[in-house]
Amino acid sequence: MEWEVIFKWLPKFYQGAVLTLELVGIAVVLGLILAVPLGIARASKLWYVRALPYGYIFFFRGTPLLVQLFLVYYGLAQFDVIRDSFMWPYLRDPFWCATATMTLHTTAYIAEILRGAIQAIPPGEIEAARALGMSRAKALFYIVLPRAARIGLPAYSNEVILMLKASSLASTVTLLELTGMTRTIIARNYLTVDMFFTAGVFYLVISFLLVQAFKQLERWMRVDACQGR
Amino acid sequence: MNIDLYGFGPALAAGALMTVKLALCALCLGLVLGLLGALAKTSPYKPLQWLGSTYSTLVRGVPELLWVLLMYYGTVNLMSALGEAFGNPELALNPFAAGVIALGLCFGAYATEVFRGAILAIPKGHREAGVALGMSKVRIFTRLIMPQMWRIALPGLGNLFMILMKDTALVSVISLEEIMRQAQNAVLFSKLPFTFYLVAAFMYLGLTILAMTGMHLLEKRAARGFVRTT
């Protein structure tokens, strides 16, 4: 191990890690917001409400993120309509393409988590809310969603870690996040194993910190106390 | 629907075959690694436990893409040193081997947890019954634990296999001619990126559906004797 060289490049690695965190942060927060209506619709009893979210989730979970990324970044340029539209300055930029794709991708997974969580709520609790005279909307906001949030939180933390690792794909569309930065550095100093090792340590540290943060969040939301059946 | 593939149909089909080959080879390696990992993690020996959990934590904490790149670009020195020792200085991992090792390693790390869960889910009495009958440790594992373990581990392994199938796209980065790479080649000539990447997406979707059907059949077979057919 060439520790001195590793230390010399640490600021660059840090820059890459910051970009990685930006990508992941935007994707999982936006994804969560988009996934709430999608997940609720996916858990609906009516087939025509369920159909569209089902198709969306099936497509995004059934194809690799790399393909989706290439479809958005390279693929959209095929259409003149998009090239001439006001969206083009954004869709030409790898950062926006990567965040958009990762958001759409993770939305599908989070929606599926949410569906599982909604369906795991004991029916008696929803019946109790309705028996107390709550409207369907009120029961959804005060009973179903808070309950589903606690059931789904552990799975959501898994999804965030998976997105952290998936963000390395953004390096294929020229973004210099942690993996991209590592490849650039390797092109400069040829210390392949040392540099990949450092990047790996960075990923491990970030995922360790995320896991700890989610543990705190679970404690704060009193997930354990609410699991009593 | 008639999609004009500009003569790239056969290349894409060959790519699909390569993807399937890659996925199946990685699956075999991953199952072995996962089984070993789970055995290490559930063994009573501390060093083995430590080894198993280090393997699964380390590999799961680092992106698959990084493993693929590391296996391909990072092993050049090691392989040429090995090659020199055996009198073949041009020894190197080809993209396929690097992809299989990297993806197998990742699959194995996740499979370790799935298998461990399955081993722990088998009632203790079954093992004790084996001991009481005078079976050896190996025999208890192959005759009592393994057959029951499959049924419990199968849904988890199925999920992992779907993930593995999609991760094969990553190996295109080290220029293995699978679906994604063939689509890139096609785009290079035809200048129709959306069309070809969409075709690639649907090919992966098709493979996923195939794998799902296969998984369903396997699960049904493994669950015979457990669900009452009416």
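Within every chain, residues take consecutive numbers counted from 1 along the sequence as written. Labels follow written order: the first chain is A, the first ligand is 1, and so on. Predicted model: local features are reported for residues with pLDDT of at least 70 only, side-chain atom pairs are reported and counted for 80 or more only, and whole-chain, interface and lining totals are derived from all residues. Side-chain numbers here rest on the full set of heavy atoms in the structure, without hydrogens or water.

Peer 1: Before we move on, can you summarise the interface of chain B and chain A with the specific residues and values?
Peer 2: We call two residues in contact when some of their heavy atoms are within 4.5 Å. Listed as interface residues are 33 residues of chain B and, on the opposing side, 32 residues of chain A. In short, buried area is how much 1.4 Å probe accessible area vanishes from two parts on joining, totalled over both. Both faces considered, chain B and chain A share a buried interface measuring about 2,900 Å² in area, 78% of it formed by carbon and sulfur atoms. Ranking the residues of chain B by area buried against chain A places Leu66(B), Lys166(B) and Phe194(B) at the top, with a combined share of 21%. The salt bridge criterion pairs a side-chain nitrogen of Lys or Arg with a carboxyl oxygen of Asp or Glu, the two atoms within 4 Å. Where chain B touches chain A, the interface holds 1 salt bridge. In this structure, the salt-bridge partner of Lys165(A) is Glu64(B), at a minimum N-O distance of 3.6 Å. Nitrogen and oxygen atoms within 3.5 Å of one another constitute a polar contact, given that in protein one can donate a hydrogen and the other can accept it, and given that sequence-neighbouring residues count only through two side-chain atoms. The interface formed by chain B and chain A includes 7 residue pairs in polar contact (both at pLDDT 80 or more). Every element with two or more residues in the side of chain B that touches chain A is listed here: helix H2 (46-61), helix H3 (64-73), helix H8 (179-190) and helix H9 (193-222) of chain B. Element by element, the count of residues in the side of chain B that touches chain A is highest for H9(B), at 11 residues. Here the side of chain B that touches chain A is composed, by residue class, of 23 nonpolar, 7 polar and 3 charged. Only DSSP runs of H or I with at least four residues qualify as helices, and only runs of E with at least two residues qualify as strands; both kinds are numbered from the N terminus onward. Residues were grouped as follows: Ala, Val, Leu, Ile, Met, Phe, Trp, Tyr, Cys and Pro as nonpolar; Asp, Glu, Lys and Arg as charged; and all remaining residues, including Gly, as polar.

Peer 1: Break down the UniProt feature "transmembrane region" (unreviewed entry) in chain A for me, citing the residues and quoting the values.
Peer 2: Residues and elements named next belong to chain A. Here the UniProt-annotated "transmembrane region" (unreviewed entry) positions come out as residues 20-41, 53-76 and 190-214. Segment residues 20-41 splits into 100% helix and 0% strand. End C-alpha atoms: 31 Å apart. In residues 53-76, helix accounts for 88% and strand for 0%; the two terminal C-alpha atoms are 23 Å from one another. UniProt positions are given in the numbering used here, feature names are shortened, and annotations may be inferred rather than shown by experiment.

Peer 1: I'd like a rundown of the packing of helix H5 (residues 95-121) of chain B against helix H7 (residues 137-167) of chain B, residues and numbers included.
Peer 2: Residues and elements named next belong to chain B. Working convention: axes come from line fits to C-alpha atoms, limited for helices to the stretch in contact. Angles between N-to-C directions cover 0 to 180 degrees. Where H5 meets H7, the axes come as close as 9 Å, and the angle between the chain directions of the two elements is 160°. Taken together, the axes of H5 and H7 lie roughly antiparallel to each other. Relative to H7, the crossing made by H5 is right-handed. For the pair H5 and H7, the contacting residues are Leu 103, Phe 107, Tyr 110, Ala 111, Val 114, Phe 115, Ala 118, Ile 119 and Ala 121 in the first and Met 149, Trp 150, Ile 152, Ala 153, Gly 156, Leu 157, Leu 160, Phe 161, Leu 164 and Asp 167 in the second. Its residues placed into classes, the contact of H5 with H7 shows 17 nonpolar, 1 polar and 1 charged. Any angle between 65 and 115 degrees counts as roughly perpendicular, while under 35 counts as roughly parallel, over 145 as roughly antiparallel, and the rest as oblique. Rotating anticlockwise by less than a right angle from the far helix to the near helix defines a left-handed crossing, while the corresponding clockwise rotation defines a right-handed one.

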